[in-house]
Amino acid sequence: MALLITADCINCDACEPQCPNEAIHPGEDVFVIDGEKCTECVGYFEKSQCVLVCPADCIILDPERRETRERLRDKFELLSQSAVSP
Ligand code: SF4
Ligand code: SF4
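To keep things clear, this report deals only with the structure shown in the data block. Small disclaimer: the values here were computed from a predicted structure and weren't measured.

Calculation rules
Residues numbered from 1 in each chain as written. Chains lettered and ligands numbered in written order. Predicted model: local features only at pLDDT ≥ 70, side-chain atom pairs only at ≥ 80, totals over all residues. Helix = DSSP H or I, 4+ residues; strand = E, 2+ residues; numbered from the N terminus. Buried ≥ 20, exposed ≤ 12 C-beta atoms within 10 Å, placed from the backbone. Near = placed C-beta within 6 Å. Nonpolar A, V, L, I, M, F, W, Y, C, P; charged D, E, K, R; others polar.

**Details of unusual backbone geometry**
Phi at aspartate 13 is positive, roughly 70°, even though this residue is not glycine. Mapped onto the fold, aspartate 13 is located in the loop between strand E1 (3–5) and strand E2 (24–25). Classification of aspartate 13 by C-beta neighbours within 10 Å gives exposed; the count is 10. Positive phi outside glycine occurs at glutamate 22, with the angle close to 50°. Its location among the elements puts glutamate 22 in the loop between E1 and E2. Overall, glutamate 22 belongs to the exposed group, with 12 C-beta atoms counted inside 10 Å.

Written out as structure tokens, the structure is:
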């Protein structure tokens, strides 16, 4: 699953620089995660880096985006390819 930032976010910006997929950005009210880019850190880290640093515990699994670990790995491979393409 991709992750989701809830309304409890305090906009501290601790998570954004930690994301290996550059999936986190400031939103209108709170920070947001691009579900197309979030791999739950699969391919880079064992644990979701954003969750580890968030002081507000407001990053949760997005129930609308159920993805198996295999699917997350595929997403990681696709993102890696597009990162090296011109
Ligand atoms: S779980 Fe990993 S890939 Fe997903 S938003 Fe958090 S830091 Fe980025
Ligand atoms: S670390 Fe948590 S509280 Fe801080 S901006 Fe990210 S989601 Fe919001």
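**Examining the site of ligand 2**
Residues in contact with ligand 2 amount to 15 residues; listed here are only the nearest, Cys9, Cys12, Ala14, Cys15 and Cys54. Residues belonging to the shell around ligand 2 are distributed by class as follows: 13 nonpolar, one polar and one charged.

**Here's the deal with the environment of arginine 66**
One can find arginine 66 in the loop between strand E4 (59–61) and helix H2 (69–84). On the basis of neighbour counts, which here come to 10 C-beta atoms within 10 Å, the residue arginine 66 falls in the exposed class. In the structure, arginine 66 is positioned 63 residues away from leucine 3 in sequence and 9.8 Å away in space, judged by C-alpha atoms.

The values reported here are purely geometric and, on their own, carry no functional implication.
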